[in-house]
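These are the residues of each chain, in order.
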Amino acid sequence: MIRSVTVYCSSSNRAPDAYFNEAEALGRGLAERKIGMVFGGGHVGLMGCAADAVMRCGGQVRGVIPRFLEEREVAHYGLTELRVVETMHERKMLLTGWADAFVILPGGFGTLDEFLEILTWKHLGHHQKPIILLNTDGFWDQLLQFFERIATEKMVGESYRSFYDVCNSAEETLALIDKHNASV
Ligand code: AMP
């Protein structure tokens, strides 16, 4: 059962509007379903936007931010819970541990790192949690093409495709979460 979704996404305030709209729609949809959101705890970028939407719609948000980023990412003090930790590793352990599923929106190096980590851990059998790539405007297409090359050149088995789902919108993402929940 998916009761808590960890959302990984950009901390940039300058991302395209379409990405903000989808972050907002995802946040709203999670709150409507009474599914909690877990995220990196910042008030900036798509992460802040999704968290604000959940809170505005009466949902629950837990954030985890390392002390050194508390100022830089403008820690979000309007959450249900904000955990301030000492290291990025502690942050990641809580973000992954508290998740029943992961949704990855467009983002930069931090988002990529977080996505690849949970993908690798799934590949290694450390978890079986659903991973959903929210592919707004085909943002992830080139990365997915690169994955194809890795598989063609036999550096990962073809089964890697079953480790994640790709959705084109927040609506599709929420429908997939509903489907998971209906099947358990
Ligand atoms: P970005 O996608 O780069 O905007 O970053 C999104 C989130 O990932 C932010 O909360 C960053 O603090 C975090 N982040 C940035 N770099 C890393 C990294 N190397 N490992 C894990 N998280 C990171």
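Refer to the preceding data block for the structure.
Residues numbered from 1 in each chain as written. Predicted model: local features only at pLDDT ≥ 70, side-chain atom pairs only at ≥ 80, totals over all residues. Heavy atoms only, no water.

Enquirer: Please explain the site of the ligand as it appears in this structure.
Expert: Around the ligand, the surrounding shell holds 16 residues, and the nearest of these are Ser-11, Glu-73, Gly-108, Thr-111 and Asp-113. In this structure, an oxygen atom belonging to the ligand sits 2.7 Å away from a side-chain N or O atom of Ser-11. Between the ligand and Glu-73, the relevant distance is 2.5 Å, taken from an oxygen atom to a side-chain nitrogen or oxygen of the residue. When the ligand is considered free in solution it has 480 Å² of accessible area, and contact with the protein chains removes 77% of it. At the level of elements, helix 3 (88-97) and helix 4 (109-123) are the ones that each hand at least two residues to the shell around the ligand. If you tally residues by element for the shell around the ligand, the top one is helix 4, at 5 residues. (Near = heavy atom within 4 Å. Polar contact = N/O pair within 3.5 Å; in protein donor to acceptor, adjacent residues only side chain to side chain. Areas by Shrake-Rupley, 256 points an atom, 1.4 Å probe, with all protein chains shown as cover. Helix = DSSP H or I, 4+ residues; strand = E, 2+ residues; numbered from the N terminus.)

Enquirer: How do you make sense of unusual backbone geometry when you look at a structure like this?
Expert: Leaving glycine aside, a negative phi is the common case for residues, and trans is the common case for peptide bonds. If you check the backbone angles, Lys-34 has positive phi at about 60 degrees while not being a glycine. If you trace the backbone, Lys-34 turns up in the loop between helix 1 (17-32) and strand 2 (36-39). According to the relative accessible area criterion, Lys-34 is exposed, its value standing at 76%. Unlike most non-glycine residues, Val-74 shows phi in positive territory, near 45 degrees. When you line up the elements, Val-74 lands in the loop between strand 3 (61-66) and strand 4 (81-85). (Buried < 20%, exposed > 50% of the residue type's maximum accessible area, 1.4 Å probe, protein only.)

Enquirer: Honestly, the nonpolar core in this entry has me stumped. Any pointers?
Expert: Most often, soluble globular proteins keep nonpolar side chains buried together rather than apart. Formed by 33 residues in total, the largest nonpolar core has its most connected members in Val-5, Leu-30 and Met-37. Looking at this core, the elements with two or more residues in it are strand 1 (4-8), helix 1, strand 2, helix 2 (45-56), strand 5 (101-104), strand 6 (131-134) and helix 6 (170-182). Ranked by the residues each element gives to this core, the list is headed by helix 1, at 7 residues. (Core = buried A, V, L, I, M, F, W, Y, C linked by side-chain atoms within 4.5 Å.)

Enquirer: What exactly am I supposed to notice about helix 2 here?
Expert: Residues spaced three or four apart along an α-helix point in a common direction, a consequence of the helix completing one turn every 3.6 residues. Counted at 1.5 Å a residue, the expected span for helix 2 with its 12 residues is 16 Å, and the 17 Å between its end C-alpha atoms agrees. In terms of burial, helix 2 is largely enclosed, as 9 of its 12 residues are buried. All of the buried residues along helix 2 are Gly-45, Leu-46, Met-47, Gly-48, Cys-49, Ala-50, Ala-51, Ala-53 and Val-54. Downstream of helix 2 by one or two residues, Gly-58 has phi in the positive range, about 80 degrees. (Expected span 1.5 Å × (residues − 1).)

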